[in-house]
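Chain and residue survey
As a plain string of letters, each chain reads:
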Amino acid sequence: MARVTNVTSTEKASPMRETIAGRYAAPVDLSKFAWLSIAAAVVTIVLKSGAAWLTGSVGLLSDALESVVNLVAAIFALVALKVSIKPPDSNHPFGHSKAEYFSAAFEGIMIFVAAVVIIYSAVERILNPRMPEQLGFGLLISVVASLINGGVGFLLIRAGKQRRSATLSADGRHLMTDVVTSVAVIIGVGLVALTNLQVLDPIVAILAGINILWTGWRLIRSSSEGLMDIALPPEDEAKIEGVLDRFRADGEIDFHAVRTRESGNRRFMEMHVLVPDEWSVKRAHDLAEDVIDELVKVEPDLRVSAHLEPKSDPRSYEDIDI
Ligand SMILES: [Zn+2]
Ligand SMILES: [Zn+2]
């Protein structure tokens, strides 16, 4: 029933559609970055498995499998980005922007698992010491692969920051862990060559593993915060309060029950607007629309819903809590 009501109300409201589209910009399609990540994964898989085939190295083969994980993650990111920009529909009336958190959490978990494997095998090497593999063809291949992953990872992290895309940030950080691993291998081999202390190689690997573990943990934490409707960061809340305070300044109107939440590429806000009892609906609504316009000016991704209330009615204050 609720679904049917929803559809008809959207249809009835269709003349308002233009106003809504005019205020809120449509989310940007970022899937080209996921395609870039898919391309990087395919190139590194071909590179590593080709080298494994040429040399018969088991190490390179397991390296190639690591790139298969990158490919799976990049495909997951592509799906999440495509779903996240789908317009609202009758059973997801707030849109689909939270889809990004699923792929970000997935990346976080995979990074976490990879870090545990790195640390486990490093501890094993401390217990059963052996010389690190020589700087050879295999290392050269993984350095080239890391340069590719590092470059793409950098682009993804930058775009993720600019567009506030949890998916792109997570995939970028995932690719960067590949760089951390390769750098650790080179430093480890170099230190052993310089000092002849075999234990330095696994110690460097453990440090890299802890760094990667931390990256994975941060991704899991930030995506679960998004899924838990975390409030906007304090600096954004301050901007919002600044706008509301400007409207409060003449003492005539007030706001309460102001709530914000992150939702991927969208941000939602609700508030009650308290106006003098004698104001007409038209006057109060004009004011509310002005407030929302100012809010969207300082926070372009914000979607605001406002509830008008007469200031001196006690019932206006009974609904502050959720
Ligand atoms: Zn309105
Ligand atoms: Zn209220």
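Per an unreviewed UniProt entry, the protein is named Co/Zn/Cd cation transporter CzcD, and its organism is Propionibacterium freudenreichii subsp. shermanii. In the Sequence similarities (unreviewed entry) part of its UniProt record, the protein is described as follows: "Belongs to the cation diffusion facilitator (CDF) transporter (TC 2.A.4) family." Among the UniProt annotations of the protein, the heading Subcellular location (unreviewed entry) holds the following wording: "Membrane".

Quick look at the coordination of the zinc ion (ligand 1) now. Protein coordination at the zinc ion (ligand 1) comes from His285 (NE2) and Glu289 (OE), with a distance range of 2.0 to 2.2 Å. One end of the pair is His285 and the other is Glu289, both in helix 10 (residues 281-298) and four residues apart, which spans about a single turn. Glu289 sits in the partly exposed class, given a relative accessible area of 24%.

For the pair helix 4 (residues 58-84) and helix 5 (residues 99-127), interaxial distance at closest approach is 7 Å and the crossing angle is 165 degrees. By the angle class used here, helix 4 and helix 5 are roughly antiparallel. Between helix 4 and helix 5 the crossing geometry is left-handed. Facing Val69, Val72, Ala73, Phe76, Ala77, Ala80, Leu81, Val83 and Ser84 of helix 4, the residues of helix 5 in contact are Ala99, Glu100, Phe102, Ser103, Phe106, Glu107 and Met110. Looking at the contact of helix 4 with helix 5, its residues break down into 12 nonpolar, two polar and two charged.

The next subject is the UniProt feature "domain: Cation efflux protein cytoplasmic" (unreviewed entry) in the protein. Those places that UniProt annotates as "domain: Cation efflux protein cytoplasmic" (unreviewed entry) correspond, in this numbering, to residues 232-310. Within the segment residues 232-310, helix and strand shares are 42% and 37% respectively, and the terminal C-alpha atoms sit 28 Å apart.

Taken as a whole, the protein is organised into domain 1 (2-11 + 27-227) and domain 2 (234-317). Summarising the inter-unit geometry, the C-alpha centres of domain 1 and domain 2 are found 41 Å apart. Facing the 13 residues of domain 1 at the interface are nine residues of domain 2. Surface buried jointly by domain 1 and domain 2 totals about 990 Å² across both partners, of which 38% is contributed by carbon and sulfur atoms. On the domain 1 side of the interface with domain 2, the three residues burying the most area are Phe94, Ser97 and Arg164, jointly 54% of the side's total. Seen at the junction of domain 1 and domain 2, the total is two salt bridges. Across the salt bridge formed by Asp301 and Arg164, the nearest N and O atoms sit 2.8 Å from each other.

So, on to the UniProt feature "transmembrane region" (unreviewed entry) in the protein. Per the UniProt record, the feature "transmembrane region" (unreviewed entry) sits at residues 33-54, 60-81, 101-123, 135-157, 178-197 and 203-220. Segment residues 60-81 splits into 100% helix and 0% strand. End C-alpha atoms: 31 Å apart. Helix makes up 100% of residues 101-123 and strand makes up 0%, while its end C-alpha atoms are separated by 33 Å.

Rules used throughout
- Residues numbered from 1 in each chain as written.
- Chains lettered and ligands numbered in written order.
- Predicted model: local features only at pLDDT ≥ 70, side-chain atom pairs only at ≥ 80, totals over all residues.
- Heavy atoms only, no water.
- UniProt positions renumbered as here; feature names shortened; annotations may be inferred.
- Donors = N, O, S within 2.8 Å, 3.2 Å for Na, K, Ca; no water.
- Helix = DSSP H or I, 4+ residues; strand = E, 2+ residues; numbered from the N terminus.
- Buried < 20%, exposed > 50% of the residue type's maximum accessible area, 1.4 Å probe, protein only.
- Axes fitted to C-alpha atoms, helices over the stretch in contact; angles between N-to-C directions.
- Parallel < 35°, antiparallel > 145°, perpendicular 65-115°, else oblique.
- Left-handed = near helix turned anticlockwise from the far one by under 90°.
- Contact = heavy atoms within 4.5 Å.
- Nonpolar A, V, L, I, M, F, W, Y, C, P; charged D, E, K, R; others polar.
- Domains from an automatic or database assignment.
- Buried area = accessible area lost by both parts, 1.4 Å probe.
- Salt bridge = Lys/Arg side-chain N within 4 Å of Asp/Glu carboxyl O.

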